[in-house]
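What follows is each chain in one-letter form.
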Amino acid sequence: MNDINENIESPFELKISFDKLLKHYEALADSEDEFIAAKAKRVLKTAKSFPELRDGFSNPKILKEREKEISVILQDSFSPVLTKNEIKTASVPLHNLIFNSSERFKNIIKAAGDDFELKIKNMAEDDTYIIACTIILAFCYGYDLNFRRPFYYKIPDANGVMRYYKIMYNADFTEIKPKKNAPKITQEDYEMLLDNFDNLELWKEKFPPFSYTLRGFVISNMFDVTDDQSISNIKSSLIGVEKRKDETFIHKFHDIFQSLLGIKGLKVGFSIYNKESDTFERVHGIGMHSYLLNDMETSKCADALCNWSYNKLLREKKYFSVSDVDRMFKKSKGKAPHIKTLYEQGFKSAIFAPIANDSGLMGILEIVSEKPKVLNSIRANKLEDVMPFIVSAVERSKHDEENLIEAIIQQECTSIHQSVSWKFRSAARQFLIDKQRFGANATFKKISFEKVYPLFGQIDVKGSSDSRNNATQKDLILQLSLTEKIFEKLPKEEQLPIYEQMKFQIKSYTKEIKADFKVDSEQQISSFFKSEIEPLFRFLQKKNKSIKDDIDDYFSKIDDNLGVIYYYRKNYDDTIALINKKMSSLLDEKQVEAQQMYPHFFERYKTDGVEHNMYIGESITKEESFNVVYLYNLRLWQLQVMCEMEREFYNNQNEYPLSLDVASMILVFNQPLSIRFRMDEKQFDVDGTYNARYEVVKKRVDKAYIKGTEERVTQSGKMTIVYSQKEDETEYLRYVNFLQSKSILDEDVEILELQDLQGVTGLKAIRVSVLYHKKDDDKAFYTYNDLMKEIKA
């Protein structure tokens, strides 16, 4: 490099000069103190022969050529007495070129390694140009923008631990002069620049490159602020929620603690304290680990700690250290749980610190190292400054977790749908206000929505009660049969009259189940197995070797939780659960699309099948945007999705443990009604006596018969649409016709009258077959009967 201005972009043309420092010595030369005056004259004499030291130069080679003279000029600034203590440099302003430094600074750079490049940690390259411009505004125009901010060097020590040094600049020995081509900055320019810090091009326009001369040098004093910076970094890392989700978060956290404690290679872990169960639990996050739990997900606190450490952390809420794990392992003979865990993981020293507030313990901070004695009670004292930030972060995390849990409970366990949540929030805010004004007399406002249109649909397992009874019969008969066989195998000499009575009871139960299975039969027979058969078989299992294998086989077939054979019933229950899961998932997925068309209230229930309610209207959306076309659109959407659920069920019927049938139905109600949230039942219900008719129809209509027959209106393979008004029939026939054109519904449309229900008359139904198709053959469509033939073939 022949010129220090090469390869840099700056408003300054830089020149190294000692003129201002030498002028200071000129004043000292007239000092009354003979020693000070003599020394000043010696410095001036040294510089006199080399005018470039005053005039300024940009060729860095002169620094080498005049190294001796420069050292004499800077001798007072770099005292030999303090050189091993002070961290100090003389350098070119806004440049990385250092030409004089204290011994301590040289040692710090040497320890960092040959490949280390010294750079200011928190100054972007673009900022350097703009900072130079703000200096010009202050020096040349008197506009003090107060752009003073601390700058840092980040330098590793000999052990590779990162240390932070704060830089304090002394610019007393610099001067700035505009060149002839430098644009004069006006008040208008200044005001424009105030709001355009990030606009580099504008700053370059007002302060073109090399349009000012900066002559002199700066002295930098540096201070080791590693502890303060580490605490600041911990605070910054813990405040940013998004930072904590970053994959590199825990690695950066390790680095921060390494800097704080001055130990390379240490690791940081966390465990959560669950007060309800008095357990430590693993933190589930990217890169998170617990060195107290190691591979365990959770552990009782008493099992993870010895009595002394338990009291220290949980009762006294004080940290403790284990400076030599190996020594403590031998001393405790491997019986101290936390010492054993550390020993097995290969750690040699550790610090455990309680994360606690006034409410109690929230978790444990775990710091571990593979080196003995480096983590000890003296170093642990440094945690006093950082624990408040960790406690604060954990408090926020617990608060966020509680909010998330509440949100999940609301989503999964209550009926408060997102479309109506705004009204609940509004009522909750008003309740808080009323509570402040009226205290205990405040009441939660009634939540209701007027003039909303209801839509109801269900896909129901046909004959679910009969199917479950049949499964129960099979399980009970199987268990009775196994029990009877064991009694038959008993040796004659061991036959007792009581065994004969039990065999008689078994035969009676078997006959009763086959002839007339009743609701209470299951409970009665299950009680017989648990109270009489099981204790006897446990006794015979130990006493009689000849039937031990048979009894072992019997108990192997018994469900551990229920105490009875649960094979056919499990197939039934698993099938219902799988049907509900698949149908609910499909419905939920399609609901996302429907909400985007127009917001509406939606809820679904899992029974022996899946049923859903929807309400649409202006009072729900809170905006004057509702039009009846959105109701028609939602009705068509519902019919399409119900058909899709039917097709999905039968196309995947081979995945279910048990072969069952479903029947689908839609209930049409063409009058708007009011709904109210019932606080006691935590769900919405229709409001008013007249509107209650809708709920009555909903509960009874799927069991309704076609007028004059004993045929149920809902049938497998058919879509049933129940209604009462002629305009509803006309509307839905249009939808049916549209879906027929899409090969979703068949041509066999039936218009049916239904028998009167209790309190409800005049109901009619449209019934039409759903068309199905194979997954790998979109062009071939089947009716329900065709599909059943295919499945059974």
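Undergrad: So what about the pairing of strand 13 (residues 349-357)? Which residues, and what values?
TA: Counting buried positions along strand 13 gives seven out of nine residues, so the element sits mostly inside the fold. Sheet topology note: the strand 12 (residues 320-322)/strand 13 ladder contains three bridges and is antiparallel. Across the sheet, residue S321 finds its bridge partner in strand 13, namely I351. One ladder, built from nine bridges, connects strand 13 with strand 14 (residues 360-369); its direction is antiparallel.

Undergrad: Describe empty space enclosed by the protein, listing the residues and the values that go with them.
TA: Going through the model one piece at a time under the given rule, you end up with two cavities of 30 Å³ or more. By volume, the largest cavity amounts to about 40 Å³. Looking at the largest cavity, the residues that line it are A594, M597, Y598, I616, Y630, N633 and L634. Counting only elements with at least two residues in the lining of the largest cavity, the list comes to helix 24 (568-597) and helix 26 (628-651). For the lining of the largest cavity, the leading source of residues is helix 26, giving three residues. Residues belonging to the lining of the largest cavity are distributed by class as follows: six nonpolar, one polar and no charged. The computed volume of the second largest cavity comes to approximately 30 Å³. Taken together, F529, E534, Y554, F555, I558 and G563 form the lining of the second largest cavity. For the lining of the second largest cavity, the secondary-structure elements that each account for two or more residues are helix 22 (521-543) and helix 23 (548-556).

Undergrad: Before we move on, could you go through the packing of helix 15 (residues 325-332) against helix 16 (residues 337-345) and cite the residues and values that matter?
TA: The description of two helices packed together rests on the angle between their axes and the distance between the axes. The geometry of helix 15 relative to helix 16 is characterised by a closest axis approach of 9 Å and an angle of 130° between their N-to-C directions. Classified by the interaxial angle, the pair formed by helix 15 and helix 16 is oblique. Here helix 15 runs over helix 16; the crossing is left-handed. Along its contact with helix 15, which presents V325, D326, M328, F329 and S332, the element helix 16 presents I339, K340, L342 and Y343.

Undergrad: Requested: an account of the sheet that holds strand 2 (residues 87-91), with residues and values cited.
TA: Ordered by their spatial adjacency, five strands build an open sheet running 3-2-8-5-4, and the pairing between neighbours is antiparallel. Each edge of the sheet is formed by a strand with only one pairing partner; in this case those strands are strand 3 (98-101) and strand 4 (151-156). Across the sheet, the mean angle separating the axes of adjacent strands is 30° when strand polarity is ignored.

Undergrad: An account of the environment of E750 is needed here, citing residue identities and associated values.
TA: In this fold, E750 is placed in strand 22 (residues 750-753). On the basis of relative accessibility, which here comes to 26%, the residue E750 falls in the partly exposed class. Once the C-alpha coordinates of E750 and S769 are considered, the two residues, 19 residues apart in sequence, prove to be 9.4 Å apart. In contact with E750, other than residues within four places in its own chain, are K718, A765, I766 and R767.

Undergrad: Give a description of the pattern of salt bridges that names residues and reports values.
TA: Counted by the stated rule, this structure contains 40 salt bridges. With a shortest N-O distance of 3.3 Å, K23 and D19 are connected by a salt bridge. With K23 and D19 both in helix 1 (residues 19-28) and four residues apart, this pair spans about one turn of that helix. Overall, K23 belongs to the partly exposed group, its relative accessible area being 45%. The class of D19 is buried, set by a relative accessible area of 8%. The salt bridge partner of R635 is E731, with a shortest N-O separation of 2.8 Å. Pair noted here: R635 is in helix 26 and E731 is in helix 28 (residues 726-741), with a separation of 96 residues, a long-range link. Each of D19, K23, E26, R54, E175 and R215 takes part in a single network of salt bridges with overlapping partners.

Undergrad: I'd like to hear about the side chain of S91, residue by residue, with values.
TA: Looking at where S91 falls in the secondary structure, it is placed in strand 2. Residue S91 is classed as buried on the basis of its relative accessible area, which comes to 6%. If we ignore the near neighbours within four places in the chain, the residues touching S91 are L97, I98, F99, F217, V218 and S220.

Undergrad: Please set out the environment of M583 residue by residue, giving values where relevant.
TA: By the secondary structure assignment, M583 is in helix 24. Between the C-alpha atom of M583 and that of E611, which follows or precedes it by 28 residues, the distance is 9.8 Å. The residues touching M583, leaving out its near neighbours within four places in the chain, are I459, V610, M645, E648, F649 and Y656.

Undergrad: Before we move on, could you go through the sheet that holds strand 12 and cite the residues and values that matter?
TA: For sheets, the rule is that strands pair by backbone hydrogen bonds, running either parallel or antiparallel. With antiparallel pairing, six strands are arranged side by side in an open sheet as 11-10-9-14-13-12. Only two strands of the sheet have a single neighbouring strand rather than two, namely strand 11 (298-300) and strand 12. Adjacent strand axes in the sheet meet at a mean angle of 25°, parallel and antiparallel pairs treated alike. When strand 9 (residues 267-274) meets strand 10 (residues 279-282), the two strands line up antiparallel, connected through four bridges. The partner of N274 across the bridge, within strand 10, is T279. In this fold helix 16 packs onto strand 12, strand 13 and strand 14, with an angle of close to 130° to the strand it touches most, strand 13.

Cut-off values and rules
Residues numbered from 1 in each chain as written. Predicted model: local features only at pLDDT ≥ 70, side-chain atom pairs only at ≥ 80, totals over all residues. Heavy atoms only, no water. Buried < 20%, exposed > 50% of the residue type's maximum accessible area, 1.4 Å probe, protein only. Helix = DSSP H or I, 4+ residues; strand = E, 2+ residues; numbered from the N terminus. Pairing = 2+ DSSP bridges. 1 Å grid on protein atoms, 1.4 Å probe; cavity = no way out; pocket = protein on both sides within 12 Å on 5 of 7 lines; lining within 4 Å. Points joined across faces, edges and corners; volume = space filled by probe spheres on them. Nonpolar A, V, L, I, M, F, W, Y, C, P; charged D, E, K, R; others polar. Axes fitted to C-alpha atoms, helices over the stretch in contact; angles between N-to-C directions. Parallel < 35°, antiparallel > 145°, perpendicular 65-115°, else oblique. Left-handed = near helix turned anticlockwise from the far one by under 90°. Contact = heavy atoms within 4.5 Å. Salt bridge = Lys/Arg side-chain N within 4 Å of Asp/Glu carboxyl O.

Function-wise, these values are silent; they only describe arrangement.
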